[in-house]
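Geometric and topological summary
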Amino acid sequence: MWIMRRPTTVTRLIQAAAALWVAGCLGGCMMSDAPPRARVGDGCFIGGCSAEICSDDPQVFSPCIWHDAYVCFRDAACGRQPGGACGWTPTPELTACLASHDPLPGSPPGSPPGSP
């Protein structure tokens, strides 16, 4: 038989701290502090868990693993590139932002912005 007790101050503090921690994790993972402002065009779509993928597939998805360089795509333009494929349009701002972060997984050093 369980006896219901009123929460103590310590219990309430622990619950509040846990709620703040979870909110902070979700906020960072979902970039809720500043919604993505990326632009799209030419039949390209922004996808992926962190809005880090520019492709011609509106249903593309990715694992929800945050990399600090993903912040660079918030204002980036997603569109058809000279080769015909969708991709992030390299601009001085995007290139500088990506260069200021660790390389994205699978990207060889010196590769174009957002390329795998």
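Further up the page is the structure itself.
Throughout this description, residue numbers start from 1 for each chain and increase along the sequence as written. Note on the predicted model: pLDDT of at least 70 is required for a residue's local features to be given, and 80 or more for side-chain atom pairs to be given and counted; whole-chain, interface and lining totals, by contrast, use all residues. Just so you know, side-chain values use all the structure's heavy atoms and leave hydrogens and water out.

When DSSP locates at least two bridges between a pair of strands, those strands are taken to pair. Per the convention used, a helix needs a DSSP run of H or I reaching at least four residues, while a strand needs a run of E reaching at least two, with both numbered from the N terminus. One open sheet accounts for 3 strands, arranged β1-β4-β5; its pairing is mixed. Of all the strands in the sheet, just β1 (39-40) and β5 (86-88) have a single pairing partner and so form its edges. As paired strands, β1 and strand β4 (residues 77-80) are joined by 2 bridges and run parallel to one another. Directly across from Arg 39, in β4, lies its bridge partner Ala 77.

Below, the discussion takes up the nonpolar core. Here, nonpolar core means buried Ala, Val, Leu, Ile, Met, Phe, Trp, Tyr and Cys residues that are tied together by side-chain atoms lying within 4.5 Å of each other. Three labels apply to residues, based on accessible area from a 1.4 Å probe with only protein chains included: buried if under 20% of the type maximum, exposed if over 50%, partly exposed otherwise in between. Grouped together as the largest cluster of nonpolar side chains are 13 residues, with contacts concentrated most on Cys 54, Phe 73, Trp 88, Leu 94 and Leu 98. Elements that contribute at least two residues to this core include exactly β5 and α2 (92-99).

The values are spatial; any link to function lies outside them.
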